[in-house]
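Chain by chain, the residues run as shown.
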Amino acid sequence: MLSRRSFAGVAIAATRLIPEMAYAQRAAVTVSGLPADMVWLNANENPAGPPEVALAAMRECLPTSGRYHYQEFGKINQAIAASEELSPEQIVLGCGSSEVLHTSVDIFTSPTKPLISVTPAYEAPIELARTLGRPVVLTKLRDDYTADVKQLAAAADKAKGGLIYLCNPNNPTAAMVKSSEIEWLVANLPANTILLVDEAYIHFGENPDLKSALPFVRQGKDVIVTRTFSKIYGMAGLRVGFAAAKPAFIEQLAPLRMNVIPIVSAKGVVAALAQKDKIVPERRTALAKTRRDVCAWLRERNVKYIEPHANFMMVDCGRNAREFIAAMPKFGVAPGRPFPPLDNMLRVTIGTPGEMAKFRDVFWKVYKG
Ligand SMILES: Cc1ncc(COP(=O)(O)O)c(C=O)c1O
């Protein structure tokens, strides 16, 4: 099994297949001689890890994992769909949301239908489209780093249709698109256009204008929403996500899925969902406090940042962030990779309060030179 440490210095060719793992290689973890107590703030993971109830369910399931358990997936699908007031026909599960993002791009773009997004956005769908030889149109962020939905619609209109990929909150900026703007975009989707909203980080936002696009799925609009258990639920290594869309879209996506998800992971997810109303707000509140503390500390030092709505944020280094990406791991903190064209911005995952104390020390050391 590969440890993170054994990744160091390894050139991974498969960036398009295993995004955060591969993208991590472009960042700090390529530095040799890593400290043993490295604080990993590079992949937007949740240090809280899986909820206790999920761990208990997985422990119980583990000895039975010699079987495929295919017959149980009807119920599992139903439980996951019901957690968002959807029917099983409105979702397809995947190996993380990566798999369903992948299949959505594969099915709903074509040589004549581009993937349309902003720059920078989460790279995986964009790089996949390029790998498949599909056209990609990237629009600029507005001055406040938010996506301009009118530009996205105009690009789709110009292309005579395509797949608009909107990550909300966006990775890497952690900026959000207001629900009124998403509403406008859904109401004004050009012909032959589907909106794919990646809500990997939506649970971490506290702003009332940040709202899920799932109501549009329930209304049968041309909208696909992807969700993951990797982030708020802290289950990244268990690889569970899903896409929600109208049954006609799900019927197109489902045949491309690899197989069922691992039964142990599925049991963990279903157990966590049974306590969703407790787990999600508790984790959001704790994360938001740590995030606010980091923001306050940066403001006190006149260091600019993009207002964050996710479990990570972008800090303006005032100079090329690559300098920080190279230097910080030597002092025991691994930040995110570069995100051109935001060359001066450093993406940092919000870890525990203790981890963020170390981040502050190390960031300041490098910042002051
Ligand atoms: C915006 C976004 N979407 C999707 C993913 C994929 O995550 P997973 O496959 O673990 O659900 C990530 C991973 O970090 C992400 O940042």
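Here we summarise the structure given alongside this text. (Residues numbered from 1 in each chain as written. Predicted model: local features only at pLDDT ≥ 70, side-chain atom pairs only at ≥ 80, totals over all residues. Heavy atoms only, no water.)

Things to note about the environment of Glu-206
Here is step 1: Within the element layout of this structure, Glu-206 appears in the loop between strand S6 (193-198) and helix H9 (214-218).
Here is step 2: Apart from residues no more than four positions distant in its own chain, Glu-206 is found in contact with Arg-284, Thr-285, Ala-288, Arg-291 and Arg-292.
Here is step 3: In this structure the side chain of Glu-206 is engaged in a polar contact, spanning 3.4 Å, whose partner is the side chain of Arg-292. (Helix = DSSP H or I, 4+ residues; strand = E, 2+ residues; numbered from the N terminus. Contact = heavy atoms within 4.5 Å. Polar contact = N/O pair within 3.5 Å; in protein donor to acceptor, adjacent residues only side chain to side chain.)

Remarks on unusual backbone geometry
Here is step 1: Residue Pro-120 is bonded to the preceding Thr-119 through a cis peptide linkage, with omega at 0 degrees.
Here is step 2: Here Pro-120 is to be found in the loop between strand S3 (115-119) and helix H6 (123-131).
Here is step 3: A cis amide bond, omega 25 degrees, links Asn-171 with the succeeding residue Pro-172.
Here is step 4: Mapping Pro-172 onto the fold places it in the loop between strand S5 (162-167) and helix H8 (179-187).
Here is step 5: Even without being glycine, Asn-192 reaches a positive phi, approximately 60 degrees.
Here is step 6: Within the secondary structure, Asn-192 sits in the loop between H8 and S6.

Examining the site of the ligand
Here is step 1: What surrounds the ligand is a group of 15 residues, the closest being Ser-98, Asp-198, Tyr-201, Thr-228 and Ser-230.
Here is step 2: Contact between the ligand and Lys-231: an oxygen atom at 2.8 Å from a side-chain N or O atom of the residue.
Here is step 3: Within the complex, 97% of the 390 Å² of free accessible area of the ligand lies under protein.
Here is step 4: Here the residues of the shell around the ligand are counted per class, giving five nonpolar, six polar and four charged. (Near = heavy atom within 4 Å. Areas by Shrake-Rupley, 256 points an atom, 1.4 Å probe, with all protein chains shown as cover. Nonpolar A, V, L, I, M, F, W, Y, C, P; charged D, E, K, R; others polar.)

Here's the deal with the pairing of S5
Here is step 1: With six of six residues buried, S5 lies mostly within the body of the structure.
Here is step 2: As paired strands, S3 and S5 are joined by two bridges and run parallel to one another. Its bridge partner lying in S5, Ile-116 is registered against Ile-164.
Here is step 3: With six bridges joining them, S5 and S6 adopt parallel strand pairing. What sits directly across from Leu-163, in S6, is Ile-194.
Here is step 4: With respect to chirality, the unit in which S5 leads through H8 into the neighbouring parallel S6 is right-handed. (Buried < 20%, exposed > 50% of the residue type's maximum accessible area, 1.4 Å probe, protein only. Pairing = 2+ DSSP bridges. Right-handed = clockwise from strand over helix to strand, strands pointing away.)

Here we look at empty space enclosed by the protein
Over the atoms, a rolling probe the size of a water molecule traces out where space has been left empty.
Here is step 1: A complete count under the given rule lists two cavities of 30 Å³ or more for this structure.
Here is step 2: The volume enclosed by the largest cavity comes to roughly 80 Å³.
Here is step 3: Looking at the largest cavity, the residues that line it are Ser-83, Glu-84, His-203, Arg-227, Thr-228, Phe-229, Tyr-233, Phe-242, Leu-273 and Lys-276.
Here is step 4: The space that makes up the second largest cavity amounts to roughly 60 Å³.
Here is step 5: In this structure, the second largest cavity is lined by Val-118, Tyr-145, Thr-146, Ala-147, Leu-166, Cys-167, Asn-168, Asn-170, Thr-173, Ala-175, Met-176 and Val-177. (1 Å grid on protein atoms, 1.4 Å probe; cavity = no way out; pocket = protein on both sides within 12 Å on 5 of 7 lines; lining within 4 Å. Points joined across faces, edges and corners; volume = space filled by probe spheres on them.)

Side note on the side chain of Thr-139
Here is step 1: Its location among the elements puts Thr-139 in strand S4 (residues 136-140).
Here is step 2: Classification of Thr-139 as buried rests on a relative accessible area of 6%.
Here is step 3: In this structure Thr-139 touches Ser-117, Val-118, Thr-119, Gln-151, Leu-152 and Ala-155, once residues within four positions along its chain are discounted.

Section: the state of the cysteines
Here is step 1: Under the criterion given, the structure shown has zero disulfides.
Here is step 2: You can see Cys-61 has no disulfide; the closest cysteine sulfur is in Cys-95, sitting 16 Å from it.
Here is step 3: Cys-317 carries a free sulfur, and the closest cysteine sulfur to it, the one in Cys-295, is 14 Å from it.
Here is step 4: Of the residues examined, Cys-317 reaches a relative accessible area of 1% and is grouped as buried. (Disulfide = S-S within 2.5 Å.)

Some details on the pattern of salt bridges
Here is step 1: Counting across every chain of the model gives 15 salt bridges.
Here is step 2: Note that Glu-72 and Lys-267 form a salt bridge whose closest N and O atoms lie 2.6 Å from each other. Residue Glu-72 is found in the loop between helix H3 (52-61) and helix H4 (73-82), and its partner Lys-267 is found in helix H11 (residues 263-274); the two are separated by 195 residues along the sequence.
Here is step 3: Judged by relative accessible area, Glu-72 falls into the partly exposed class, the value being 22%.
Here is step 4: Asp-222 is the partner of Lys-246 in a salt bridge, and the nearest nitrogen-oxygen pair spans 2.5 Å. In this pair, Lys-246 sits in the loop between strand S8 (241-244) and helix H10 (247-253) while Asp-222 sits in the loop between H9 and strand S7 (223-228), placing the two residues 24 residues apart along the sequence.
Here is step 5: Owing to a relative accessible area of 32%, Asp-222 belongs among the partly exposed residues under this scheme.
Here is step 6: Each of the salt bridges in this network shares a partner with another, and the network as a whole consists of Glu-84, Glu-199, Arg-227 and Lys-276. (Salt bridge = Lys/Arg side-chain N within 4 Å of Asp/Glu carboxyl O.)

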